[in-house]
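Residue strings, one per chain:
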Amino acid sequence: MAETLTATPAVEKQAFRDAMAHLGSAVNIITTDGPGGRAGFTASAVCSVTDSPPTLLVCLNRSASVYPAFTENQVLCVNTLADCHESLSNLFGGKTPMEQRFEAAEWSSLSTGSPILTDALVSFDCKITQVTRVGTHDILFCEAVAITRNDERHGLVYFDRRYHPLMRQSAC
């Protein structure tokens, strides 16, 4: 006799969002530049995948206004924000015109031409090597081709729907 499996009901969207608010994460501004134009957005959905080759993943909503630029350029920079960048995070997370977003900070570039935030905690200059679609988002697998660090800054995390500074501990 065949066993009938019943589907487990999905978690409600708002319940999932509320639960994810309890998962603290670094705040990043993801940038790109190239034939598709200069663009950037704020993201907390970033994490390490492997160190050989050095790879991160970035989640990007396919309905985001910046999506076409990232798709065409196939390069990006993950700029991990310092504790002084809360207002910049809000600017890149809103509906502010792209030109005004970039005018609010100092930028440079490394290998890919993607904008590097000059006073970021760390910046990972990357080429997109693989894309996987899940629900409303694309997961961009990004191989780091250059890195710059700022060891004098403190971090910024997003937890419980608020920003929190993350202070470095001094060595004893």
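Keep in mind that what you see is a predicted model, and the values were worked out from it rather than measured.

What counts as what
- Residues numbered from 1 in each chain as written.
- Predicted model: local features only at pLDDT ≥ 70, side-chain atom pairs only at ≥ 80, totals over all residues.
- Heavy atoms only, no water.
- Helix = DSSP H or I, 4+ residues; strand = E, 2+ residues; numbered from the N terminus.
- Buried < 20%, exposed > 50% of the residue type's maximum accessible area, 1.4 Å probe, protein only.
- Contact = heavy atoms within 4.5 Å.
- Pairing = 2+ DSSP bridges.
- 1 Å grid on protein atoms, 1.4 Å probe; cavity = no way out; pocket = protein on both sides within 12 Å on 5 of 7 lines; lining within 4 Å.
- Points joined across faces, edges and corners; volume = space filled by probe spheres on them.
- UniProt positions renumbered as here; feature names shortened; annotations may be inferred.
- Salt bridge = Lys/Arg side-chain N within 4 Å of Asp/Glu carboxyl O.
- Polar contact = N/O pair within 3.5 Å; in protein donor to acceptor, adjacent residues only side chain to side chain.

**Quick look at the overall build of the protein**
- Across its full length, the protein carries four helices and 12 strands.
- Seen along its three principal axes, the alpha-carbon backbone of the protein occupies a region of about 65 × 45 × 35 Å.
- In the protein, which comprises 172 residues, the proportion classed as buried is 36%.
- Partitioning the intrachain contacts of the protein with sequence separation of at least 6 by distance along the chain shows that 63% fall at a separation of at least 24.

**Comments concerning the pairing of strand β12 (residues 162–166)**
- Across five bridges, the pairing between strand β11 (residues 155–159) and β12 is antiparallel. The residue bridging Tyr158 from the neighbouring strand is Tyr163, located in β12.
- Counting the residues between successive antiparallel strands, the hairpin from β11 to β12 contains two residues, one of them, Asp160, with a positive phi of roughly 60°.

**Let's talk about the layout of surface pockets**
- Taken as a whole, the largest pocket encloses approximately 1,800 Å³ of empty space.
- If you go around the largest pocket, you meet 40 residues; those closest to its centre are Arg17, Thr42, Ser44, Ala45 and His137.
- If you list the elements that add at least two residues to the lining of the largest pocket, you get α1 (13–20), β3 (39–43), β4 (46–51), β5 (54–61), α3 (86–93) and β11.
- Tallying contributions element by element places α1 first for the lining of the largest pocket, with five residues.

**So, the UniProt feature "domain: Flavin reductase like" (unreviewed entry) in the protein**
- UniProt records the feature "domain: Flavin reductase like" (unreviewed entry) at residues 20–165, using the numbering of this structure.
- In residues 20–165, the share of helix is 15% and the share of strand is 50%. The end C-alpha atoms are 19 Å apart.

**Some words on the pattern of salt bridges**
- Summed over the entire model, instances satisfying the criterion amount to six salt bridges.
- Note that Arg153 is salt-bridged to Asp119, the shortest N-O span being 3.6 Å. Placement of the pair is Arg153 in the loop between β10 (137–149) and β11 and Asp119 in the loop between β8 (115–117) and β9 (122–134), with a sequence separation of 34 residues.
- Here the salt bridges do not stand alone but share partners, grouping Arg62, Arg133 and Asp138 into one network.

**Considering the sheet that holds β12**
- One open sheet accounts for three strands, arranged β1-β11-β12; its pairing is antiparallel. Of all the strands in the sheet, the pair left with one neighbour each is β1 (25–26) and β12.

**Remarks on the side chain of Asn73**
- Its location among the elements puts Asn73 in helix α2 (residues 67–73).
- By relative accessible area, Asn73 is classed as buried at 9%.
- Here Gly36 takes part through its backbone nitrogen, which lies 2.6 Å from a polar atom of the side chain of Asn73.
- Apart from the residues within four sequence positions on either side, Asn73 is in contact with Thr32, Asp33, Gly34, Pro35, Gly36 and Gly37.

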